[in-house]
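The primary structure of each chain is shown beneath.
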Amino acid sequence: MITSETLSALDCEDPLAPFRDQFDLPEGIIYLDGNSLGPLPRRTLARLIDVTREEWGQSLITSWNKHGWIDLPQRIGDKIARVIGATPGEVIAADSTSVNLFKLLAAACALRPGRKVILTEAGNFPTDIYIAEGLVSVLGDGYEVRTVDKENIATAITDEVAVVMLTHVDYSTGEMLDMAPVTAMAHAAGALMLWDLAHSAGAVPVDLNGAHADFAVGCGYKYLNGGPGAPAFLFVAARHQADARQPLSGWMGHAAPFDFEQRYRPAEDITRYLAGTPAILALVALEEGVDLYLEADAEDLRRKSMLMTECFAALVAQECGDHGLTLASPADAGMRGSQICFRHEQGYAIIQALIARGVVGDFRTPDILRFGFAPLYLRYQDMWNAVTHLRHVMDKREWESPEFQTKAAVT
Ligand SMILES: *Cc1c(COP(=O)(O)O)cnc(C)c1O
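Rules used in this analysis
Residues numbered from 1 in each chain as written. Predicted model: local features only at pLDDT ≥ 70, side-chain atom pairs only at ≥ 80, totals over all residues. Heavy atoms only, no water. Near = heavy atom within 4 Å. Polar contact = N/O pair within 3.5 Å; in protein donor to acceptor, adjacent residues only side chain to side chain. Helix = DSSP H or I, 4+ residues; strand = E, 2+ residues; numbered from the N terminus. Nonpolar A, V, L, I, M, F, W, Y, C, P; charged D, E, K, R; others polar. Disulfide = S-S within 2.5 Å. Salt bridge = Lys/Arg side-chain N within 4 Å of Asp/Glu carboxyl O. Buried < 20%, exposed > 50% of the residue type's maximum accessible area, 1.4 Å probe, protein only. Axes fitted to C-alpha atoms, helices over the stretch in contact; angles between N-to-C directions. Parallel < 35°, antiparallel > 145°, perpendicular 65-115°, else oblique. Left-handed = near helix turned anticlockwise from the far one by under 90°. Contact = heavy atoms within 4.5 Å. Pairing = 2+ DSSP bridges. Core = buried A, V, L, I, M, F, W, Y, C linked by side-chain atoms within 4.5 Å. Domains from an automatic or database assignment. Expected span 1.5 Å × (residues − 1). Phe/Tyr/Trp six-rings, centres within 6.5 Å; stacked < 30°, edge-to-face > 60°. Lys NZ or Arg CZ within 6 Å of the ring centre and 35° of its normal.

Trainee: Explain the site of the ligand to me, and be specific about the residues and the numbers.
Mentor: With respect to spatial proximity, the complete set of residues near the ligand consists of Ser96, Thr97, Ser98, Phe125, Thr127, Asp128, Thr167, Asp196, Ala198, His199, Tyr221 and Lys222. For the ligand, a nitrogen atom lies 2.9 Å from a polar atom in the side chain of Asp128. Taking His199, its side chain carries an N or O atom lying 3.0 Å from an oxygen atom of the ligand. Secondary structure elements with two or more residues in the shell around the ligand: α5 (97-111) and α6 (126-139). A class-by-class count of the residues in the shell around the ligand yields 3 nonpolar, 6 polar and 3 charged.

This is the structure we're talking about:
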């Protein structure tokens, strides 16, 4: 039996508790959607005002040198490298996850000539599959995207496969794949391995080099709290950097952008994965989010995240046991990311009713209620309060209200 007191006691002992105050969280909201859009760190607002007013406003174009704007994608990439088990020079902050997928899938295919298959999983996040389809349509020449169910991936990695593209933590169920053995399977068949870390970076420990991953992409606006539409990041293992080429050969990825040469010549280092001029205001916001994350102890974060998802699942069973909410995430906290999901046929309306009560989670089609647990700013007590609201929504069938039944453009 979990009580409100059990959870308060956990908050008192929580070494991460001081981080909550670093975020500008609205009063009265329990924010369980940091997996979709992380909240605003207080220092981000201060930095944005400063960079806008002083650097952009006063130093104008000299800021590219004077304030190091030109180095920001790499500087932030080096910081993100520490979050995902990479080394400096293997990661760069740029573009969106979708665009980065295009660049890296193309680079991977070119490294495996003669192999025509991009292998992925049928339940992967749609943009990953759409981007692979787009690349295949440009490549022509017999290239194809092959999607198989998660349990059939091992047998589907044949000698036709150029690259295996998988999302480490499933956006919909939170299921986490074991990176090292899956990567080893791809390599054993001669394929390259690309990981999507959208729901991993800042949420669970990641060791790309420990797993010998070849490529990875990830998101800046989710658990890294970089702000809406924050630049994403990409990783290219050092061993591939001399040979791998990406097709969006813009001037910022040129070896000498300001020589204005007639022909494209890729930079020797990770900056070859840039295309156009980086979004400086968005990058400085991302840097604040990453810096804040790096101040916390990674083991404390994982321990708290697992304990929170365990408490939440146990509380839902305890308080809402007879309301038909079934666990959609792996039952073992070690097998899932920092989220817990349930299925219910009224999932969308239940989430809307919860949001009206100040408990913000989200809905994923067809029937998934998704709750993200960001250990940097959530309290154990929030679990109790959130589940109490959920129990009220279910007991009183609040979801039946017509205003909760109509779907908005963004769910
Ligand atoms: C959130 C997410 C994305 C987002 O891609 P954008 O280009 O930022 O819109 C991509 N892949 C996965 C697995 C995600 O969860």
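Having seen the model, we can carry on.
Trainee: I'd like a rundown of the state of the cysteines, residues and numbers included.
Mentor: Counted according to the given criterion, the structure contains 0 disulfides. With no disulfide of its own, Cys320 lies closest to Cys311 among cysteine sulfurs, the gap being 15 Å.

Trainee: How would you sum up the pattern of salt bridges? Please name residues and give values.
Mentor: On inspection of all chains with the given rule, the structure shows 27 salt bridges. Between Glu261 and Arg265 there is a salt bridge whose closest N-O contact spans 2.7 Å. Its relative accessible area of 33% is what places Glu261 among the partly exposed residues. For Glu400, the salt bridge identified is with Arg397, shortest N-O distance 2.9 Å. Each member of the salt-bridge network shares a partner with another, and the members are Arg47, Arg75, Lys79, Glu287, Glu288 and Asp291.

Trainee: Before we move on, can you summarise the packing of helix α11 (residues 347-356) against helix α12 (residues 380-395) with the specific residues and values?
Mentor: Close contact between α11 and α12 brings their axes to 10 Å; oriented N to C, the two are set at 125°. The angle between α11 and α12 falls in the class oblique. The element α11 and its partner α12 pack so that their crossing is right-handed. Contact with α11, carried on its side by Ile350, Ala353 and Leu354, involves Ala386, His389, Leu390, Val393 and Met394 of α12 and no other residues of that element. Residues of the contact of α11 with α12, tallied by class, amount to 7 nonpolar, 1 polar and no charged.

Trainee: Residue-level account of the sheet that holds strand β13 (residues 368-372), with values.
Mentor: Read from one edge of the open sheet, 4 strands run β9-β10-β13-β12, paired in antiparallel fashion. Edge strands, defined here as strands with exactly one partner in the open sheet, are β9 (326-327) and β12 (362-364). Bridge analysis of β12 against β13 gives 3 bridges, and the strand direction is antiparallel. From the neighbouring strand, Phe363 faces β13, where its bridge partner is Leu369. Those strands touched by helix α10 (residues 298-320) are β9, β10 (339-343) and β13, and its axis lies near 25° from that of β10. On top of the sheet, α11 reaches β12 and β13; it is set at about 40° to β13, its chief contact.

Trainee: Residues and numbers for the nonpolar core, please.
Mentor: Residues Ile84, Trp195, Leu208 and Phe312 are the most contacted members of the largest nonpolar core, which totals 98 residues. When residues of this core are sorted by domain, at least three fall in each of domain 1 (4-40 + 297-404) and domain 2 (68-294). Residues Val217, Leu234, Ile270 and Leu274 belong to the second largest nonpolar core, which totals 30 residues.

Trainee: Describe the side chain of Gln339, naming the residues involved and giving the relevant values.
Mentor: Summarising the element assignment, Gln339 is placed in strand β10. Among the polar contacts made by the side chain of Gln339, one reaches the main-chain carbonyl oxygen of Tyr171 at a distance of 3.1 Å.

Trainee: Tell me what's going on with the pairing of strand β4 (residues 144-148), and back it up with residues and numbers.
Mentor: Sheet topology places strand β3 (residues 117-121) next to β4; 5 bridges connect them, and they run parallel. Within β4, the position partnered with Leu119 by the bridge is Arg146.

Trainee: So what about helix α4 (residues 72-83)? Which residues, and what values?
Mentor: Counted at 1.5 Å a residue, the expected span for α4 with its 12 residues is 16 Å, and the 17 Å between its end C-alpha atoms agrees. Those residues of α4 not exposed but buried are Leu72, Pro73, Ile76, Gly77, Lys79, Ile80, Ala81 and Val83. Those residues of α4 that are buried lie in contact with β2 (91-94), β8 (232-236) and α9 (280-294). Two residues or fewer past α4, Gly85 is found with a positive phi of approximately 70°.

Trainee: Let's hear about the packing of aromatic side chains: which residues, and what values?
Mentor: Two descriptors summarise a pair of aromatic rings, namely the distance from one centre to the other and the angle between the planes of the rings. Within the structure shown, the criterion is met by 11 aromatic pairs. Grouping aromatic residues by their ring pairs yields a cluster made of Phe312, Phe342, Phe371 and Phe373. Lys222 extends its terminal NZ or CZ atom over the ring of Phe125, reaching a point 5.4 Å from the ring centre. The ring centre of Tyr380 lies 5.8 Å from the NZ or CZ of Lys304, which sits over that ring.

Trainee: Requested: an account of the sheet that holds strand β5 (residues 161-167), with residues and values cited.
Mentor: Ordered in space as β2-β8-β7-β6-β5-β3-β4, the 7 strands form an open sheet in which the pairing is mixed. Of all the strands in the sheet, just β2 and β4 have a single pairing partner and so form its edges. For this sheet, the mean angle separating the axes of adjacent strands, direction not counted, is 20°. Summarising the sheet, strand β6 (residues 192-196) and strand β7 (residues 215-218) pair through 3 bridges and their orientation is parallel. Looking at the pairing, Asp196 lines up with Val217 of β7. Each of β2, β3, β5, β6, β7 and β8 is contacted by α5, which is oriented at about 170° to β7, the strand it contacts most.

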